[in-house]
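Chain and residue survey
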Amino acid sequence: MNFYVTILGSGAATPTLGRHCSGQVVNINGYRMIVDCGESTQNQLRATRQKMQSFGTIFISHLHGDHMFGLPGLLASMHLGGRIEPVEVFAPRGLKRALDVIFEVSDTHLGYPLTIHELDFDEPTEIFSNNKCKVTAIPLLHSVPCYGYRFEEVALGPSLQPGVRDRYQLTPNEIAFIKKGNDLTLADGTVIPNSQLTRPPRRPLSYAYCCDTAYTETILPAIQGVDLLCLESTFDHSRADLAEQRRHCTAYQAAQMARKAEAKKLLLTHFSARYKIIEELMDEARKVFPNVVAAQDGEVINVV
C-alpha cells in the first residue's frame, strides 16, 4: 500500500518558525503531485527529500498568496535545473495572468511546456486522470474562488497469492496473464485455477483536500466516505464569528463535516499563528469526530 501525504506547510496566512505556508505532496502508488504551493515550498521539498523535477502535476486551491506565492519560484527553479518535461498546473481562473506578469517583469523563460488549466465551474468535476489516480475538483466556500481536490486510486487488479510466484517459477508474462483472470497451465498439463493463484483487489483508497473554506454542507456528496479528509481549522470555535466573516472553519466545524461525510480519518491543517499549542483544536474536534490527527510540517500521513 503506497498512498500517503507529506505535509510541506500547515500554517495559515503567514509562515511562523514552526509552520510554513500551505503545501502538500500526495503520493499515489509512486505518482506524486503537489497540492498548494506556499512561499516555502522549494525549501520544504528539499527538507522532506522530494526531488523537485519528479513533479509534473500541481494543484492550487486558490490564489491567496499563502497558497501560491511559491509557485513562480518553483517553476523557475525547475527550468534552472534543466527540466524539459511538461508541467500541468490546475488552479482557479487568474493564475495564468499572474504568472505571465511575474515572468515578464522578471525576464523568466521556461525551457519546458507549461500548461495552466484554469478552473471555473460550480459543480464537482473530474479534471485529471492517469493509470494511477483520478482527481476531482470541488468548489469550496471562501472569499475568492477556491477548489478542494479529491484524489482516488484507479480500480486495482487482483494480486498474486503469497508464495505463488516462487512455487510455480512464474515469468513476468505469466504473472500478467494470471492477473488478467486466466488459469495457469503447467508443463504436465495440470491446470491451476485462477482462484488459487490470486486474491481479490483491495478497494481503491481516496483522499480529499479542502482548504480554505467556510463551513458548508454543499461539499459533502463530493467528499463522502473518503479514507482521509483534510480540512482547514484556522480557528477554535470561540472565534466562530471570525471564521464565518473570513470564510474559514473552526476545528469543531471541520469535525462536523468529517462526521457528516462519513470520512474514515480527519486531518486538520491551516492553523492560525495565534495557536502555539494545537492540542486545544484537536480536543475540540475530537468531541465530534474521534479519529483526528493534526498536520505537522515534514510529517508523512498514510491515507489509512
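Refer to the structure above for everything that follows.
Described below are features of the structure shown in this document. (Residues numbered from 1 in each chain as written. Predicted model: local features only at pLDDT ≥ 70, side-chain atom pairs only at ≥ 80, totals over all residues. Heavy atoms only, no water.)

As a further point, take the overall build of the protein. What the protein contains, in helices and strands, is 10 helices and 18 strands. With the C-alpha coordinates aligned to their principal axes, the bounding extent of the protein is approximately 75 × 50 × 35 Å. Counting every position in the protein, which comprises 304 residues, the buried fraction comes to 51%. Sequence separation of 24 or more characterises 65% of the internal contacts of the protein that already satisfy a separation of 6 or more. Counting only carbon and sulfur atoms, one obtains 50% of the accessible surface of the protein, whose full area is about 14200 Å². Taking the 30 positively charged and 33 negatively charged side chains of the protein as two groups, their mean positions are separated by 5 Å. (Helix = DSSP H or I, 4+ residues; strand = E, 2+ residues; numbered from the N terminus. Buried < 20%, exposed > 50% of the residue type's maximum accessible area, 1.4 Å probe, protein only. Contact = heavy atoms within 4.5 Å. Areas by Shrake-Rupley, 256 points an atom, 1.4 Å probe, with all protein chains shown as cover. Lys, Arg positive; Asp, Glu negative; His and termini not counted. Charge placed at Lys NZ, Arg CZ, Asp CG, Glu CD.)

In this section: helix α10 (residues 279–286). Since there are 3.6 residues in each turn of an α-helix, residues three or four apart along the chain are aligned in direction. The complete set of buried residues in α10 reads Leu281, Met282, Glu284 and Ala285. Seen along its axis, α10 keeps its buried residues to an arc of 160°; they face one direction. For α10, the elements touching its buried residues are α9 (251–261), β16 (266–269) and β17 (292–294). (Arc of directions from axis to C-beta.)

Next up on the list: helix α4 (residues 95–105). Among all positions in α4, only Leu95, Leu99 and Phe103 are buried. The buried residues of α4 occupy an angular sector of 55° when the element is viewed end-on, so they sit on one face. Among the exposed residues of α4, those oriented more than 90 degrees off its buried face are Arg97, Glu104 and Val105. Downstream of α4 by a residue or two, Asp107 has a phi angle that is positive, lying close to 55°.

Across all of its chains, the model carries 9 salt bridges by this definition. Between Glu153 and Arg202 there is a salt bridge, with the nearest N and O atoms lying 2.8 Å from each other. Here the residue Glu153 occupies a position in strand β9 (residues 147–153), and Arg202 occupies one in the loop between β13 (198–199) and β14 (206–210), the gap between them amounting to 49 residues. Salt bridges sharing common partners tie together Arg93, Glu118 and Asp120. (Salt bridge = Lys/Arg side-chain N within 4 Å of Asp/Glu carboxyl O.)

Here we come to the pairing of strand β1 (residues 3–9). The buried count for β1 comes to 6 of 7 residues, which makes it a mostly enclosed element. Strand direction decides the pairing type here: β1 and strand β2 (residues 23–28), joined by 6 bridges, are antiparallel. Paired with Thr6 across the two strands is Val25, which belongs to β2. When β1 meets strand β18 (residues 300–302), the two strands line up antiparallel, connected through 3 bridges. Residue pairing in the sheet places Tyr4 in a bridge with Asn302 of β18. (Pairing = 2+ DSSP bridges.)

Once that is clear, we can look at the environment of Phe289. Relative to the elements of secondary structure, Phe289 occurs in the loop between α10 and β17. The buried category is assigned to Phe289, whose relative accessible area is 8%. Considered as a pair, Phe289 and Lys260 are 29 residues apart in the sequence and their alpha carbons are 9.7 Å apart.

A few words on the sheet that holds strand β15 (residues 228–232). Read from one edge to the other, the open sheet built from 7 strands follows the order β7-β8-β9-β14-β15-β16-β17, with strand pairing classed as mixed. Strands with a single pairing partner mark the edges of an open sheet, and in this sheet they are β7 (125–129) and β17. Averaged over all pairs of adjacent strands, the angle between strand axes in this sheet comes to 20°, irrespective of strand direction. Inspection of the sheet shows β16 paired to β17 by 3 bridges, in the parallel sense. Bridge pairing links Leu268 to Ala294 in β17. The strands that α10 touches are β16 and β17; relative to β17, the one it contacts most, it runs at about 165°. (Axes fitted to C-alpha atoms, helices over the stretch in contact; angles between N-to-C directions.)

Taken together, the 7 strands give an open sheet; going across it, the order is β6-β5-β4-β3-β2-β1-β18, and neighbouring strands pair in mixed fashion. On the outer flanks of this sheet lie β6 (114–119) and β18, each paired with one strand and no other. Strand-to-strand twist of the sheet, defined as the mean angle between neighbouring strand axes without regard to direction, takes the value 20°. Set on the sheet, α4 makes contact with β5 (87–92) and β6; between it and β6 the angle comes to about 140°.

Turning our attention to the nonpolar core. Ile223, Leu229, Leu266 and Leu268 are the most contacted members of the largest nonpolar core, which has 35 residues in total. Where this core is concerned, the elements lending two or more residues are β14, α7 (220–223), β15, α8 (240–245), α9, β16, α10 and β17. Here this core gets 6 residues from one element, more than from any other, and that element is α9. Apart from the residues lying within four places of it in its own chain, the contact partners of Ile223 are Ile138, Arg150, Ala208, Cys210, Leu229 and Ala261. In this structure, Tyr147, Cys211, Ile301 and Val303 belong to the second largest nonpolar core, which totals 28 residues. (Core = buried A, V, L, I, M, F, W, Y, C linked by side-chain atoms within 4.5 Å.)

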